[in-house]
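Here's the letter readout for the chains.
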Amino acid sequence: MPIDLTWPNCLNVRDLGGLPTADGREIRPRTLIRSDSHGNLTEHGVAAVTGYGVSRIIDLRREAECDAEPSPFADQPLYRNLPVQDPADPDELHSTLAEIYIQLIDRRPELYAAAATAITEAPPGGVVVHCAGGKDRTGIVVAMVLTVAGVAPDAVAADYAVTEERLRETNERYLAGVTDEARRELIRRLQATSPETMLRTLDHVQTEYGGVAAYLTKGGFDAAGQEALRRRLTRLTA
């Protein structure tokens, strides 16, 4: 099952190796890693990333976020900034979290397809996918590629749900500084990562597009690319 990694000062890092697929395979360890932003990594944290055999870092944040909190890897060949939002896209913060995810997905299939392509075409080694907290945009991209690899929705949603506990202390500190009660409750609601949120999101993709594979094909990530992604991410269980 996924392995928590220690990359000082990242709080939400795990190797997704070990997740089972429906056809009796599993996600290969040291192949797909999810994390929060690397802007606060210590020197030891940076060394831990490179020492883990990472060949590609895919940063899903928008340009303004990257400018405000630069990645320590931004000038290295392994780094790619691939936002899954257009700068003009609004932040629909008063929707439910599942509704926000659905809006993100419906607006930009080509950007999610580009992220999946970048994972598939990375040099041999581990691929790290991250955004700011490693929760929302990372959660959607990881859910899509795990689904293409054959991981069942319940297992995808269970991994997504882990993030809430990983970020709990940081989130509570942030909430303590929000004085407006209504805004505090809005933020608290958006911090949660219940499995039901991801299951509803995946159900929308199934209902509206015929599944994740069809959605990514619509965005430009075709069947050949998806098969290459499965080969990269999975192995037979021992």
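Whatever comes next refers back to the structure up there.
*Asks:* Go over helix H8 (residues 181-191), please, and point to the residues and values.
*Replies:* What H8 keeps buried is the set Leu-186, Ile-187, Leu-190 and Gln-191. Down the axis of H8, the buried set is contained in an arc of 135°. They therefore lie on one face. When the buried face of H8 is taken as reference, the exposed residues oriented beyond 90 degrees from it are Glu-181 and Ala-182. For H8, the elements touching its buried residues are helix H3 (97-107), helix H6 (153-166) and helix H7 (168-176).

*Asks:* Please set out the pairing of strand S4 (residues 32-35) residue by residue, giving values where relevant.
*Replies:* In S4, alternate side chains face the same way, and those of Leu-32 and Arg-34 on one face and Ile-33 and Ser-35 on the other are all buried. As paired strands, strand S2 (residues 14-15) and S4 are joined by two bridges and run antiparallel to one another. Paired with Arg-14 across the two strands is Arg-34, which belongs to S4. Pairing of S4 with strand S7 (residues 126-130) involves four bridges; the strand directions are parallel. Bridged to Arg-34 within S7 is Val-129.

*Asks:* Now, about the packing of aromatic side chains: what can you tell me, with residues and values included?
*Replies:* To describe a pair of aromatic rings, you give the distance between the ring centres and the angle between the ring planes. Per the counting criterion, the structure on display carries three aromatic pairs. Here the aromatic rings of Tyr-101 and Tyr-160 are separated by 6.1 Å at their centres, their planes lie at 85°, and the arrangement is edge-to-face. Of this pair, Tyr-101 sits in helix H3 while Tyr-160 sits in helix H6, and the two are 59 residues apart along the sequence. Accessibility classification places Tyr-101 together with Tyr-160 in one group, the buried group. Look at Tyr-209 and Tyr-215: their rings are 4.9 Å apart centre to centre, the planes differ by 75°, and that puts the pair in the edge-to-face class. A residue is classified by how much of its surface remains accessible, and Tyr-215, at 0% relative accessible area, is buried. The ring of Tyr-52 carries the charged tip of Arg-30 above its face, separated from the ring centre by 4.0 Å.

Basis of the calculations
- Residue positions within a chain follow its written sequence, with the count starting from 1.
- Per-residue local features are limited, in this predicted model, to residues with pLDDT of at least 70; the limit for side-chain atom pairs, both in listing and counting, is 80 or more; totals at the level of whole chains, interfaces and linings are taken over all residues.
- Side-chain measures were taken over the full set of non-hydrogen atoms in the model, leaving aside hydrogen atoms and water.
- Classification of residues uses two cut-offs on accessible area relative to the type maximum, computed with a 1.4 Å probe and protein chains only: under 20% is buried, over 50% is exposed, and between them is partly exposed.
- A run of H or I in DSSP counts as a helix once it spans at least four residues, and a run of E counts as a strand once it spans at least two, with each numbered from the N terminus.
- This arc is built from the directions going out from the helix axis to the C-beta atoms.
- Contacts between residues were defined by any pair of non-hydrogen atoms, one from each residue, lying within 4.5 Å.
- Two strands pair under a simple rule: DSSP has to find at least two bridges between them.
- Ring pairs shown here join Phe, Tyr and Trp side chains whose ring centres sit within 6.5 Å, with only the six-membered ring taken for Trp; geometry is labelled stacked below 30 degrees between planes, edge-to-face above 60, and tilted in between.
- Two thresholds decide whether a charge sits over a ring: the Lys NZ or Arg CZ must be within 6 Å of the ring centre and within 35 degrees of the ring normal.

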